[in-house]
Amino acid sequence: MTIHHQPGKERIDAVRAFNRFYTRQIGLLDEGLLKSAFSLTEARVLYELAHRDGLTASDLIRDLGLDAGYVSRLLKKFEHLQLIARAPLASDARQSSITLTPVGRQAFAPLNRASHDQVAALLERLPAAEQDRLVKAMQTVQQLLGDSPESKVPYMLRPLQVGDIGWVVRRQGQIYAQDYGWDETYEALVAEILGAFVKSFDPEWERSWIAERQGEVVGSVFVVRKSDAVAKLRLLYAEPSARGLGIGKRLVQECIGFARAKGYTTLTLWTNDILTAARHIYESAGFRLVDEERHHAFGKDLVGQNWNLEL
């Protein structure tokens with residue numbers, strides 16, 4: 001038997017007061033979201049299309065909880081503005097895969113940047129410890145009000161913090177030694193790559209994501225600028241204890257969305273042929289294997305693989 005606890009007036013008033021407060025903080029009552037021509041829902045749909053490949057109208061209706069008629073009208077509007085293109089699915093010609101056009105990505109880029117800058121300004125008012133407290137409180141709200149008592153994505157993504165570099169170097173060294181027998185030279189390479197990332201970090205063109213679960217780091221990935229047109233995806237990993245949660249796929253999608261928003265034309269990466277789980281993630285995200293090379297590294301004879309994703 002389920003026991004329902006009726007909320008009292010004080011609790012209801014407190015939630016309503018928070019709603020009013022937060023909508024003022026993030027400007028949802030403005031005529032256009034982030035001083036753009038888009039409403040909140042339109043911007044949310046653009047965000048999904050910019051960060052996820054192969055979406056259909058049915059996906060948007062289900063994942064965003066939107067009315068089918070509203071989505072149909074919105075997509076027609078986007079088509080009229082040349083923001084999206086549709087292509088029939090090979091598996092079901094009755095449905096279409098929806099993608100942003102170059103015009104659509106150009107329209108989304110300033111909106112994405114403004115949203116990032118707005119949240120950054122909100123957080124910068126607080127000390128680092130209070131920023132963590134705020135983010136974890138928001139995560140608690142998301143978990144409690146989600147579709148189930150435990151969130152479908154029971155982890156959070158955040159930027160790099162002090163202490164993360166040492167953790168990532170240590171765990172990557174340990175995991176690859178345990179799973180594949182790689183020696184300490186791989187750990188040294190990871191330390192070298194991340195040391196260079198921190199020293200030459202360009203926040204305008206580079207980004208890092210740390211996956212955190214219950215206060216522990218459970219995954220990470222980095223995007224490094226190679227040239228004006230090419231970005232590199234580096235050092236993707238997920239903790240064995242957190243595999244099955246889709247962390248690796250989510251991290252790769254974040255990299256793709258960021259690279260597209262910044263106007264890169266190619267996202268490239270290097271991996272090894274024995275990393276089959278990573279290969280599946282890259283293939284499903286649309287990466288194409290460019291070439292392979294045999295070499296001796298990390299105490300093993302390996303086949304290195306170079307992958308490209310044309311954005």
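Preceding block: the structure.
Attention here is on the structure that accompanies the text. (Residues numbered from 1 in each chain as written. Predicted model: local features only at pLDDT ≥ 70, side-chain atom pairs only at ≥ 80, totals over all residues. Heavy atoms only, no water.)

Moving on, we get to the overall build of the protein chain. Along its length, the protein chain carries 10 helices and nine strands. On C-alpha atoms alone, the protein chain measures out to a radius of gyration of 21 Å, which is about the 19 Å that the 2.2 N^0.38 rule sets for 311 residues. Taking the principal axes of the C-alpha coordinates as reference, the protein chain spans close to 65 × 45 × 45 Å. Residues counted as buried form 37% of the 311 residues belonging to the protein chain. A separation threshold of at least 6 residues defines the contact pool for the protein chain, and within that pool the share at least 24 residues apart is 59%. Charged side chains of the protein chain number 39 positive and 39 negative; the gap between the two group centres comes to 5 Å. (Helix = DSSP H or I, 4+ residues; strand = E, 2+ residues; numbered from the N terminus. Rg over C-alpha atoms; globule rule 2.2 N^0.38 Å. Buried < 20%, exposed > 50% of the residue type's maximum accessible area, 1.4 Å probe, protein only. Contact = heavy atoms within 4.5 Å. Lys, Arg positive; Asp, Glu negative; His and termini not counted. Charge placed at Lys NZ, Arg CZ, Asp CG, Glu CD.)

Now for the pattern of salt bridges. Tallied over the entire structure, the rule returns 16 salt bridges. Between D59 and R62 there is a salt bridge, with the nearest N and O atoms lying 3.1 Å from each other. Here R62 and D59 lie together in helix α3 (residues 57-64), a separation of three residues that amounts to about one turn. The partner of R171 in a salt bridge is E239, with the nearest N and O atoms 2.7 Å apart. Here E239 lies in the loop between β6 (230-238) and α9 (247-261) and R171 lies in helix α7 (residues 164-180), a separation of 68 residues in the sequence. (Salt bridge = Lys/Arg side-chain N within 4 Å of Asp/Glu carboxyl O.)

Moving on, we come to a nonpolar patch on the surface. Taken together, the side chains of V141, L144 and L145 make up a nonpolar region of the molecular surface, amounting to roughly 340 Å² of accessible area. Here V141 lies in helix α6 (residues 128-145). (Patch = residues over 30% accessible without salt bridge, like charges linked within 9 Å, V, L, I, M, F, W, Y side chains within 5 Å. Areas by Shrake-Rupley, 256 points an atom, 1.4 Å probe, with all protein chains shown as cover.)

A few words now on the pairing of strand β4 (residues 207-213). Burial analysis of β4 places five of its seven residues in the buried class, the great majority of the element. Where β4 and strand β5 (residues 216-225) come together, seven bridges link them in antiparallel fashion. Within β5, the residue paired with I210 across the bridge is S220. Between β4 and β5, which pair antiparallel and follow one another directly, the connecting turn spans two residues, one of which, Q214, has a positive phi of 50°. (Pairing = 2+ DSSP bridges.)

Summed over the entire model, instances satisfying the criterion amount to 15 aromatic pairs. Taking 5.0 Å as the distance between ring centres and 75° as the angle between the ring planes, the aromatic pair formed by Y186 and F298 counts as edge-to-face. Pair noted here: Y186 is in helix α8 (residues 184-199) and F298 is in the loop between β8 (288-297) and β9 (300-310), with a separation of 112 residues, a long-range link. Taken individually, Y186 and F298 each receive the classification buried, so the pair is uniform in this respect. The rings of Y176, Y180, W182, Y186 and F298 are connected pair by pair, giving a single aromatic cluster. A cation over a ring is seen here: R225 above W205, with NZ or CZ 4.6 Å from the ring centre. (Phe/Tyr/Trp six-rings, centres within 6.5 Å; stacked < 30°, edge-to-face > 60°. Lys NZ or Arg CZ within 6 Å of the ring centre and 35° of its normal.)

A separate point is the nonpolar core. Among the nonpolar cores identified, the biggest contains 48 residues, and L233, I247, V252, L267, Y282 and F287 are the most heavily contacted of them. If you tally residues by element for this core, the top one is α9, at seven residues. Excluding anything up to four places from it in sequence, I247 contacts Y155, A211, V218, A238 and A242. If you look at the next biggest cluster of nonpolar residues, it comprises 19 residues, including L46, L49, V71 and L75. (Core = buried A, V, L, I, M, F, W, Y, C linked by side-chain atoms within 4.5 Å.)

Two strands in a sheet stick together by hydrogen bonds in their backbones, pointing the same way (parallel) or opposite ways (antiparallel). As summarised here, the arrangement of the seven strands in space is β3-β4-β5-β6-β7-β9-β8, forming an open sheet in which the pairing is mixed. Only two strands of the sheet have a single partner each, and these edge strands are β3 (156-158) and β8. Direction aside, the axes of adjacent strands within the sheet are offset by 25° on average. Here helix α10 (residues 276-284) sits on the sheet in contact with β6, β7 (266-272), β8 and β9, set at roughly 15° to β9. (Axes fitted to C-alpha atoms, helices over the stretch in contact; angles between N-to-C directions.)

Right, let's get into the side chain of R158. Mapped onto the secondary structure, R158 falls in strand β3. Here D164 takes part through its side chain, which lies 2.7 Å from a polar atom of the side chain of R158. Engagement of the side chain of R158 in a polar contact is seen with the side chain of E212, the distance being 2.6 Å. Setting aside residues up to four positions removed in sequence, R158 forms contacts with D164, S208, W209, I210, E212 and V217. (Polar contact = N/O pair within 3.5 Å; in protein donor to acceptor, adjacent residues only side chain to side chain.)

Turning our eyes to something else, we now look at the packing of α3 against helix α4 (residues 68-80). Contact pair α3 / α4: the axes reach a minimum separation of 10 Å and the direction vectors enclose 130°. Classed by the angle they form, the pair α3 and α4 counts as oblique. Note on packing geometry: the crossing formed by α3 with α4 is right-handed. Across the interface between the two elements, A57, L60 and I61 of α3 pack against A68, V71 and L75 of α4. Taken together, the residues that form the contact of α3 with α4 break down as six nonpolar, no polar and no charged. (Parallel < 35°, antiparallel > 145°, perpendicular 65-115°, else oblique. Left-handed = near helix turned anticlockwise from the far one by under 90°. Nonpolar A, V, L, I, M, F, W, Y, C, P; charged D, E, K, R; others polar.)

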